[in-house]
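One-letter residues, chain by chain:
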Amino acid sequence: PELNGDGAEILMKSYACQRRTPLKHHNAFLTEALEILAQNAEFNDNEGRSVAFRRAASVLKALPHRVKSMEDLRCLPCLGDHSQRVIKEILEDGSSREVESTRQSEQFQAMKALTGVFGVGVRTADRWIREGLRTPDDLIRTGQQLNRAQQAGVQYYSELQRAVTRAEAELIMAIVEAAVNSVLPGCQIQLMGGFRRGKEVGHDVDFLITHPEEGKEEGLMSKIISWLEEQGVLLYQKTTRNSYVERLDGPARSASNMDRFERCFSIFKLHSSASRSGSASTSESGSACDSGCRAVRVDLVVSPFSQFAFATLGWTGSKLFERELRRWAGQEKQMTLSSHTLYDSKQNLYLRAQTEEEIFAHLGLEFIPPSERNA
Ligand code: DCP
Ligand code: MG
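None of these values were measured; they are calculated from a predicted model. (Residues numbered from 1 in each chain as written. Chains lettered and ligands numbered in written order. Predicted model: local features only at pLDDT ≥ 70, side-chain atom pairs only at ≥ 80, totals over all residues. Heavy atoms only, no water.)

## Details of the overall build of the protein chain
Quick note on the threshold: Strands are runs of DSSP state E lasting at least 2 residues, helices are runs of H or I lasting at least 4, and numbering of each runs from the N terminus. Two things to know: the radius of gyration comes from C-alpha atoms, and the globule rule equals 2.2 Å times the number of residues to the power 0.38. Only protein chains enter the accessibility calculation, which uses a 1.4 Å probe; a residue whose area is less than 20% of its type maximum is buried, one above 50% is exposed, and one in between is partly exposed. Two residues form a contact once any of their heavy atoms are found within 4.5 Å.
Summing up its helical and strand segments, the protein chain has 16 helices and 12 strands in all. Against the 2.2 N^0.38 benchmark of 21 Å for 375 residues, the protein chain shows a C-alpha radius of gyration of 22 Å, consistent with a compact globule. For the protein chain, the spread of C-alpha atoms along the three principal axes comes to 60 × 55 × 40 Å. Taking all 375 residues of the protein chain together, the buried fraction comes to 48%. Partitioning the contacts of the protein chain with sequence separation of at least 6, the portion at a separation of at least 24 is 69%.

Right under this line is the structure:
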């Protein structure tokens, strides 16, 4: 095994969910490069390649020191030939030609700009690029057919591009708490995603809501949305209903890893002055976002209490950490993990849990706190 600066052995486990990955690490100069290639692979609809680069980057994030030579990589898992080539070039020349030419390429930049529009995925962006479009402005200029989400995405594009600060997240938390408490007292509300992992900024703010009395959460989302709409907080919202059913013979094989909670994708309106001073804006109604207004993406998820621990684990991230948890469960434990349940295929039963700690224990994993899930 590799030695660290003090000569102590580093044992790097191969699944990201077996490792502690802090937010701040020593190898951003390498991980940013590998993540460009991962993102480009996603743009090319090559998921396998994308995950390989993300796993390689993630191993470097977990290292307790800066990589100085290829020797430092001996015995590390998940570093394929391609990743090693890129790392070698950066160590020797300061940058990788492949990474830099990807970063500069018109295709990559157009994909980044177009998939950066809320409501636009890789397939749609790719089609637009083949039609000669490059930027969100081009969509407006050429009068593209846009669905409601994409219209909001274009309308609030520059606002939504700006990183959401923790202060803004706290402000939105206060608004969500006010909404939830006024429609159903006794709920629990949790800040999820990157902010739960300790990030100072995010691309959105994620919340998980439950009520300790199972069943009370039914119909909750539409009441929350009505309250927020009456207060004029929402610039956009789309709610999907809860479609989860627990099957006795175990979870259905699903094409997507998306969970099936009642969920609201929304855009909140804050007053810029309020988002600086820390007071919420709840008085005006209407859906305009003028110059004194801040638009922020907010995701609300409602979970039944019995699934709350699984939902908490599933909505904390990072995306790679989640993916690795599910892979560990399936490949190493013959279990199926989702944001709803954990199913043991050897015993043919659902394993219940009230806390994240219990889920890690069911999976035979050491508990990793949210701040160290930044894989
Ligand atoms: N999530 C997931 N798979 C998805 C979508 C979400 O596992 N396809 C989980 C993990 C994420 C969390 O939900 O951490 C929130 O998703 P975000 O896209 O908001 O990701 P983050 O909050 O981690 O990042 P950001 O700071 O960019 O919002
Ligand atoms: Mg988020």
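## With respect to the packing of aromatic side chains
Worth spelling out the cut-off: Stacked, edge-to-face and tilted labels apply to pairs of Phe, Tyr and Trp rings (six-membered ring for Trp) whose centres lie within 6.5 Å, assigned for plane angles under 30 degrees, over 60, and everything in between, in that order.
Inspection of the entire model under this criterion finds 6 aromatic pairs. Seen from their ring centres, Y15 and W328 are 5.1 Å apart, and the 90 degrees between their planes marks the pair as edge-to-face. Of this pair, Y15 sits in the loop between β2 (9–10) and α1 (28–43) while W328 sits in helix α15 (residues 319–333); the two residues are 313 residues apart in sequence, bridging distant segments of the chain. Here Y15 falls in the buried class, since its relative accessible area comes to 5%.

## Looking at the state of the cysteines
What counts, and what does not: The disulfide definition used here is simple: a pair of cysteine sulfur atoms within 2.5 Å.
Counting across every chain of the model gives 0 disulfides. Note on C17: no disulfide assigned, nearest cysteine sulfur contributed by C78 at a separation of 11 Å. Exposure remark for C17: the relative accessible area of 0% places this residue in the buried category.

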